[in-house]
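# Topology and contacts: notes
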Amino acid sequence: MRILVTGGAGFIGSHVVDAYLAAGHDVAVVDNLSTGLRENLNPAARFYEADVTDVDRMKEIVLAEKPDVVNHHAAQVNIRVSVANPVFDTHVNVVGTVAVLEAAARAGTKKFIFISSGGAVYGEAPVLPTPEDVPASPISHYGAAKLAGERYCHVYYVTTGMPYTILRYSNVYGPRQNPDGEAGVTAIFANKLLKGEQPVIFGDGSKTRDYVHVSDVAAANLIALERGDLGVFNIGTGRRITDQQVFEAIARVVGYQGSPIYDDFRPGEVMHSCLDWTRAQKILGWRPAVEFEEGVASVVEYNRHTCKSAGPGVL
Ligand SMILES: NC(=O)c1ccc[n+]([C@@H]2O[C@H](COP(=O)([O-])OP(=O)(O)OC[C@H]3O[C@@H](n4cnc5c(N)ncnc54)[C@H](O)[C@@H]3O)[C@@H](O)[C@H]2O)c1
């Protein structure tokens with residue numbers, strides 16, 4: 001298959017590109033390298049340095065590539081940035097998504113895979129783990145933009161016949177994660193603790209998240225090439241892990257003896273998030289394979305080698 005991946009220089013997108021290439025597909029990447037890294041680019045993929053909000057350029061690229069599938073990972077991924085600068089977030093995450101959908105539909109793309117966020121679109125969900133049929137109720141601009149992107153996929157299906165699959169990730173972690181991202185906490189903590197620095201937990205450490213390893217996420221993207229048309233799927237583990245447990249798991253691997261600093265809770269972030277992945281198992285035949293304790297070791301190992309400059313060390 002010919003596949004175009006936006007955001008393919010980013011943390012998750014680059015793993016998806018690697019998985020597609022390893023499966024024998026022909027891959028092109030669009031990325032403006034705003035948070036993505038050139039070193040993440042797989043040399044076997046054609047690379048276009050371009051902004052997804054530039055609709056003319058997107059049409060030019062997608063018409064030249066004529067992909068069977070467009071996989072849209074490019075996004076402004078930081079919830080705090082979305083709260084501080086909602087217009088910018090909307091521009092990248094809504095206008096950018098519509099620009100990529102428009103280009104894909106014009107080029108006769110057979111399928112669109114849209115990456116959404118289960119952690120952001122459900123808001124403070126009434127049911128945990130949360131299934132897909134719980135009404136979306138985002139409490140951040142980022143979550144609202146992701147939900148809008150999902151709706152635009154359906155609008156394009158209705159108006160142009162282009163099928164889509166929506167993957168709602170929980171908190172993704174693993175090698176190559178950008179410490180400034182939506183769920184870069186494992187990377188931030190690994191960096192901080194490897195340097196012997198004290199990390200900050202916002203709140204009392206009881207906030208919970210569902211951590212899914214990037215290799216499991218890449219596997220879901222591979223399956224979505226063939227299955228799940230017109231479906232919305234949670235990609236998570238169903239396991240709630242507290243901030244305190246994240247700190248302790250990484251401290252154990254690193255051998256850090258100290259404690260974290262606790263600071264005020266921040267707006268826009270939900271208290272608990274955990275996804276029910278039953279639908280993905282039933283319809284896609286997908287299931288998460290990597291346990292958090294095992295996956296965290298891969299993050300520490302990666303950061304030990306790259307020793308990226310740590311972010312503010314926040315959770
Ligand atoms: N990391 C998570 O836990 C998580 C959870 C849910 C959903 N997601 C979604 O997964 C996708 C990938 O996120 P990530 O964590 O790999 O973050 P990332 O920042 O590593 O990747 C985003 C990529 O998009 C590129 N990009 C940003 N704006 C662009 C633009 N205007 N034009 C072209 N390229 C642009 C960046 O350079 C980067 O390479 C995003 O859509 C994000 O919302 C991530």
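Preceding this paragraph is the structure being described.
## Examining helix α11 (residues 292-306)
Compared with the 21 Å implied by 1.5 Å per residue over 15 residues, the 21 Å span of α11 between its first and last C-alpha is a close match. Contacts from the buried residues of α11 go to β7 (171-173), α7 (185-194), β10 (211-213), β12 (241-242) and α9 (243-254).

## Considerations on the packing of aromatic side chains
In this structure the tally under the stated criterion is seven aromatic pairs. Arranged with centres 6.4 Å apart and planes meeting at 75 degrees, the rings of Y157 and Y164 form a pair that is edge-to-face. Taking relative accessible area as the criterion, Y164 reaches 6% and is therefore assigned buried. On the basis of an interplanar angle of 80 degrees and a centroid distance of 6.1 Å, the ring pair of F189 and F247 is categorised as edge-to-face.

## With respect to the layout of surface pockets
In this structure, the largest pocket occupies an estimated 790 Å³ of space. Lining the largest pocket we find 40 residues, and of these T35, H73, A75, Q76 and V77 sit closest to its centre. Secondary-structure elements contributing two or more residues to the lining of the largest pocket are α1 (11-22), β2 (26-31), α4 (86-106), β5 (111-117), α6 (141-160) and β7. Within the lining of the largest pocket, the residues separate by chemical class into 16 nonpolar, 19 polar and five charged. Looking at which domains feed residues into the lining of the largest pocket, each of domain 1 (2-171 + 212-235) and domain 2 (179-210 + 239-276 + 286-306) gives three or more.

## Some words on the sheet that holds strand β4 (residues 69-72)
An order of β3-β2-β1-β4-β5-β6-β11 is seen for the seven strands of this open sheet, with the pairing classed as parallel. Only two strands of the sheet have a single partner each, and these edge strands are β3 (46-49) and β11 (231-235). The mean angle between the axes of side-by-side strands here comes to 20 degrees, regardless of whether they run parallel or antiparallel. Relative to β3, β2 is paired through four bridges, and the arrangement is parallel. By the bridge assignment for β3, A28 is matched with R46. Lying over the sheet, helix α8 (residues 214-223) contacts β4, β5, β6 (164-169) and β11, oriented at roughly 170 degrees with respect to β6.

## Examining the site of the ligand
Not every one of the 30 residues close to the ligand is listed here, only the nearest: D31, T35, H73, Y142 and V172. Within the contact set of the ligand, an oxygen atom lies 2.6 Å away from a side-chain nitrogen or oxygen of T35. In this structure, V172 approaches the ligand through a main-chain N or O atom, which is 2.8 Å from an oxygen atom. Protein chains bury 98% of the 820 Å² of accessible surface belonging to the ligand in isolation. In this structure, the ligand is accommodated by the largest pocket. Mapped by element, the contributors of at least two residues to the shell around the ligand are α1, β5, α6 and β7. When residues in the shell around the ligand are grouped by element, the largest group, three residues, is from β5. Tallied by class, the residues present in the shell around the ligand amount to 15 nonpolar, eleven polar and four charged.

## As for unusual backbone geometry
With an omega dihedral of -10 degrees, the bond running from L128 to P129 counts as a cis peptide bond. We note that L230 has phi near 65 degrees; this positive angle belongs to a residue other than glycine. Tracing the chain through its elements places L230 in the loop between α8 and β11.

## Some details on α7
Counting buried positions over the ten residues of α7 gives nine, a clear majority of the element. Taken together, the buried positions of α7 are V185, T186, A187, I188, F189, A190, N191, K192 and L193. Lining the buried residues of α7 we find β7, β8 (200-202), β10, α9 and α11.

## A closer look at the packing of α7 against α9
Relative orientation of the contacting elements α7 and α9 amounts to 45 degrees, with a least axis distance of 10 Å. By the angle between their directions, the pair α7 and α9 is classed as oblique. In the packing of α7 onto α9, the handedness of the crossing is right-handed. From α7, T186, F189, A190, L193 and L194 reach across to α9, where they touch V246, F247, I250, A251 and V254. Classifying every residue of the contact of α7 with α9 by side-chain character gives nine nonpolar, one polar and no charged.

Each value, and the rule that gives it
- Just so you know, the residues in each chain are numbered from 1, in the order the chain's sequence is written.
- In keeping with the predicted nature of the model, local features appear solely for residues at pLDDT of at least 70, side-chain atom pairs appear and are counted solely at 80 or more, and the whole-chain, interface and lining totals rest on all residues.
- Remark: hydrogens and water are excluded; side-chain values derive from all non-hydrogen atoms of the structure.
- In DSSP terms, a helix is any run of H or I states spanning at least four residues, a strand is any run of E spanning at least two, and both are numbered starting from the N terminus.
- Under the convention used throughout, the expected extent of a helix is 1.5 Å for every residue step, that is, one less than its residue count.
- In what follows, a contact means two residues having at least one pair of non-hydrogen atoms within 4.5 Å.
- Centre distance within 6.5 Å is the pairing criterion for rings of Phe, Tyr and Trp, where only the six-membered ring of Trp is used; planes under 30 degrees apart are then read as stacked, over 60 as edge-to-face, and the remainder as tilted.
- Relative accessibility thresholds used throughout: buried, under 20% of the residue-type maximum; exposed, over 50%; partly exposed, between the two (1.4 Å probe, protein chains only).
- Buriedness for pockets is judged along seven lines, at least five of which must meet protein on both sides within 12 Å for an open set on the 1 Å grid over protein atoms alone, while cavities are sets there where a 1.4 Å probe fits but cannot get out, and lining residues have an atom within 4 Å of a point.
- Grid points are joined across faces, edges and corners, and a volume is the space filled by probe spheres set on the points.
- Residues are sorted three ways: Asp, Glu, Lys and Arg are charged, Ala, Val, Leu, Ile, Met, Phe, Trp, Tyr, Cys and Pro are nonpolar, and all the rest, Gly among them, are polar.
- How far each domain reaches was decided by an automatic or database domain assignment.
- Here the rule is simple: two strands pair whenever DSSP picks up at least two bridges between them.
- Axis definition: a line fitted to C-alpha atoms, limited for helices to the stretch in contact. Angles are taken between N-to-C directions and run from 0 to 180 degrees.
- For each residue, the test is whether any non-hydrogen atom lies within 4 Å of the molecule or strand; if one does, the residue is near.
- Side-chain atoms alone can form a polar contact between residues adjacent in sequence; in general such a contact is a pair of N or O atoms within 3.5 Å, and within protein one must be able to donate a hydrogen while the other accepts it.
- To be clear on the numbers: accessible area is Shrake-Rupley with a 1.4 Å probe, and residue cover counts the displayed protein chains and nothing else.
- A molecule is said to be in a cavity or pocket once over half of its atoms fall within 2 Å of that pocket's grid points.
- Any angle that falls under 35 degrees is termed roughly parallel, while one over 145 is termed roughly antiparallel, one within 65 to 115 roughly perpendicular, and all others oblique.
- By the definition used in this description, the sense in which the near helix is turned from the far one sets the handedness, with an anticlockwise turn below a right angle giving left-handed and a clockwise turn giving right-handed.

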